[in-house]
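# Results of the structural survey
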Amino acid sequence: MKILFVFNHPAPYKVALFNEIAKYDDIDLTVIFERKQASDRKSQFYNEKNYHFSTIFLKKGYIGKENSLTWELKNYIKHHYKEYDLIIMNGYSTFTELLALHYMIKHKIPYAFYINGGIVKKDTWFKRKIKENVIQNAIKCFSPCTEADEYLFQYGAKPENIYHYPYSTVYVSELLKEPLSKEDKEAVRQKYNLPSGVIGSAFSQFIKRKNILEILECFRLRKEHLLLIGDGPEKKNYIKFIEKEKMKNVTILSFLSKKELFELIRACNFHITLSNEDIYGHTINEALANGLPVIASNNIISAKHLIKNGYNGYVVHDIEETVHAMNNIKNININNVLKTANENTIEASAQIHYSCFKELIQK
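Notes on the structure follow. (Residues numbered from 1 in each chain as written. Predicted model: local features only at pLDDT ≥ 70, side-chain atom pairs only at ≥ 80, totals over all residues. Heavy atoms only, no water.)

### Some thoughts on the overall build of the protein
Under the convention used in this document: Only runs of H or I of at least four residues qualify as helices and only runs of E of at least two qualify as strands under DSSP, and these elements are numbered from the N terminus. The reference for a compact globule is 2.2 Å times residues^0.38; the radius of gyration itself is calculated from the C-alpha atoms. Any residue under 20% of the maximum accessible area for its type is buried, any over 50% is exposed, and the rest in between are partly exposed; the area is computed with a 1.4 Å probe on protein chains only. Exposure was quantified through the Shrake-Rupley algorithm and a 1.4 Å probe, taking into account, for residues, occlusion by the shown protein chains and nothing else. Note on charges: Lys and Arg go in the positive column, Asp and Glu in the negative column, and His and the chain ends are not counted at all. Here the site of a charge means NZ on Lys, CZ on Arg, CG on Asp, or CD on Glu.
Of the regular secondary structure elements, the protein holds 14 helices and 15 strands. Taking 2.2 N^0.38 as the reference for a compact globule, 363 residues should give roughly 21 Å; the C-alpha atoms of the protein span a radius of gyration of 21 Å, in line with that estimate. Dimensions along the principal axes, computed over C-alpha positions, put the protein at roughly 65 × 40 × 35 Å. Each of the 363 residues in the protein was classed as buried or not, and the buried ones make up 53%. Entry remark: accessible area of the protein is about 17200 Å², with carbon and sulfur atoms responsible for 51%. For the protein, the distance from the average site of its 50 positive side-chain charges to the average site of its 41 negative ones is 5 Å.

### What to know about empty space enclosed by the protein
Quick reminder of the rule: Buriedness of a pocket was judged along seven lines, with at least five required to meet protein on both sides within 12 Å; pockets are open sets of points on a 1 Å grid over the protein atoms alone, cavities are sets where a 1.4 Å probe fits but cannot get out, and lining residues have an atom within 4 Å of a point. Grid points are joined across faces, edges and corners, and a volume is the space filled by probe spheres set on the points. Nonpolar residues are Ala, Val, Leu, Ile, Met, Phe, Trp, Tyr, Cys and Pro. Charged residues are Asp, Glu, Lys and Arg, and all others, Gly as well, are polar.
On inspection of all chains with the given rule, the structure shows 2 cavities of 30 Å³ or more. A volume near 60 Å³ is recorded for the largest cavity. The wall of the largest cavity is formed by Ala202, Phe203, Ser204, Lys210, Ile212, Ile215, His271, Ile272, Thr273, Leu274 and Thr283. If you list the elements that add at least two residues to the lining of the largest cavity, you get strand E10 (199-203), helix H7 (212-219) and strand E13 (270-273). Here the lining of the largest cavity gets 3 residues from one element, more than from any other, and that element is E13. Considering only residue class, the lining of the largest cavity consists of 6 nonpolar, 4 polar and 1 charged. For the second largest cavity, the calculated volume is near 50 Å³. Around the second largest cavity, the lining residues are Tyr13, Lys14, Leu17, Tyr114, Pro166, Tyr167, Ser168 and Ser349. Grouping the amino acids of the lining of the second largest cavity by side-chain chemistry returns 5 nonpolar, 2 polar and 1 charged.

### Some thoughts on the packing of helix H2 (residues 72-80) against helix H3 (residues 95-106)
Worth spelling out the cut-off: Every axis in this analysis is a line fitted to C-alpha atoms, fitted for helices over the stretch in contact. Angles between the N-to-C directions lie between 0 and 180 degrees. The labels follow the angle: roughly parallel below 35 degrees, roughly antiparallel above 145, roughly perpendicular from 65 to 115, and oblique for the rest. Note: crossing handedness is left-handed where the near helix turns anticlockwise from the far helix by less than a right angle, and right-handed where it turns clockwise. Residues are treated as being in contact if the distance between any of their heavy atoms lies within 4.5 Å.
At their nearest, the axes of H2 and H3 sit 7 Å apart, and the two run at 30 degrees to each other. In this view, H2 runs roughly parallel relative to H3, as classed from their interaxial angle. Along this stretch, H2 crosses H3, giving a crossing that reads as right-handed. Note on element contacts: H3 touches H2 through Thr96, Glu97, Leu99, Ala100, Tyr103 and Met104, opposite Leu73, Lys74, Ile77 and Lys78.

### Re helix H12 (residues 319-328)
Quick reminder of the rule: When we speak of the arc, we mean the arc of directions from the helix axis to the C-beta atoms. Residues adjacent in sequence count toward polar contacts only when both atoms are side-chain atoms; beyond that, a polar contact is any pair of N or O atoms within 3.5 Å, and within protein one must be able to donate a hydrogen and the other to accept it.
Along H12, the residues classified as buried are Thr322, Ala325 and Met326. Along the axis of H12, the buried positions cluster into a sector of 100 degrees, meaning they face one direction only. Lining the buried residues of H12 we find H7, E13, strand E14 (294-297) and strand E15 (313-316). In this structure Asp318 caps H12, since a side-chain oxygen of it lies 3.2 Å from the backbone nitrogen of Glu320.

### Thoughts on the sheet that holds E10
To keep things clear, this is the line we draw: In this description, strands pair whenever DSSP reports at least two bridges between them.
One open sheet holds the 6 strands; their spatial order is E12-E11-E10-E13-E14-E15, and the pairing between them is parallel. The open sheet terminates on both sides in strands that have one partner only, identified here as strand E12 (250-253) and E15. The mean inter-strand angle of the sheet, taken between neighbouring strand axes irrespective of direction, is 20 degrees. Across 5 bridges, E10 lies against strand E11 (residues 225-229) in parallel orientation. Counterpart to Ile199 in the pairing with E11 is His225.

### What about the pattern of salt bridges?
Note the cut-off: By definition, a salt bridge exists where a carboxyl oxygen of Asp or Glu is found within 4 Å of a side-chain nitrogen of Lys or Arg.
Scanning the entire structure with this criterion turns up 14 salt bridges. A salt bridge links Lys121 to Glu277; the nearest nitrogen and oxygen atoms lie 3.1 Å apart. On the criterion of sequence distance, the pair formed by Lys121 in the loop between strand E7 (112-114) and helix H4 (125-136) and Glu277 in the loop between E13 and helix H10 (282-289) is long-range, its members being 156 residues apart. Residue Lys121 is classed as partly exposed on the basis of its relative accessible area of 45%. Glu132 is the salt-bridge partner of Lys129, the closest N and O atoms lying 3.6 Å from each other. Here Glu132 and Lys129 lie together in helix H4, a separation of 3 residues that amounts to about one turn. Assessed through its relative accessible area of 40%, Lys129 is described here as partly exposed. Of the residues examined, Glu132 reaches a relative accessible area of 16% and is grouped as buried. Through salt bridges with shared partners, a single ionic network connects Arg128, Lys129 and Glu132.

Structure representation (structure tokens):
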């Protein structure tokens with residue numbers, strides 16, 4: 001099976017999935033990346049350097065953080081589409097993708113449409129028509145969960161035309177097998193100069209959309225310690241808030257490698273993310289994989305998909321519910337957390353992708 005997958009930039013979680021898919025003997029995978037990296041991501045983010053699939057990087061047309069405008073993709077598809085059994089387009093957020101999609105629709109070249117998540121919003125008439133055209137002309141749509149399907153439905157996708165796949169950033173080998181002992185947790189905390197007691201983790205980009213100031217507000221009058229991990233333009237505002245409120249129960253660390261991050265958060269007691277909007281939300285999957293029950297905003301697609309109240313965490317709608325969740329998070333059974341994590345791995349995702357590809361190509 002010769003497959004062409006188009007994606008914006010080589011995000012490590014996507015490279016990991018592509019590498020796992022490429023392990024199947026009858027898969028010949030080529031990935032076209034529109035750009036080498038997003039302009040708002042540090043180079044350390046791109047830590048998956050070994051590609052076990054064929055790659056093509058477009059050379060021109062970078063615009064802003066992730067956008068691009070070049071005819072390279074359209075021209076490649078024009079001259080090579082007959083070489084592939086399946087073409088998968090991951091989104092329509094760039095001018096480059098739209099040019100390629102318009103060409104394929106016009107010339108009746110089959111393609112599958114792929115989303116990493118999605119939130120229902122109001123569009124202008126023009127944008128809506130573009131999205132309806134792209135989605136309704138796809139031979140199939142790939143979606144990470146039923147909660148994200150609503151995004152596809154609003155543009156005319158039919159339930160029977162959607163494949164579901166687990167969206168994961170974690171390998172089986174990276175899963176915590178059993179909760180850390182008190183001694184092991186304490187050793188990690190000493191390594192990173194963290195206090196004893198209950199610690200909540202929050203790791204993400206430091207941008208307004210992540211709503212970390214609300215997390216700080218929740219911890220302002222509490223005894224629990226907050227561990228903030230990340231970088232971004234909002235960092236100065238967090239520090240200003242912490243100093244103004246004289247908070248002694250917050251530690252801020254800069255970006256860590258995945259290995260370091262996982263080692264560190266395993267020494268925490270729970271994870272909290274109150275993002276105002278996430279089309280999926282990787283950190284929830286990663287927290288669960290490290291044995292942390294999760295408190296998460298209902299604005300995060302993965303929260304609604306992965307978290308069951310009282311089972312492996314809490315989905316919250318406001319500060320009152322967040323406080324209630326923080327008071328009760330200690331009662332969550334860690335075995336439930338790890339069970340959810342085991343069902344959502346890169347390997348499981350690759351296997352589902354492989355089955356979907358095989359079924360689609362044989363039709």
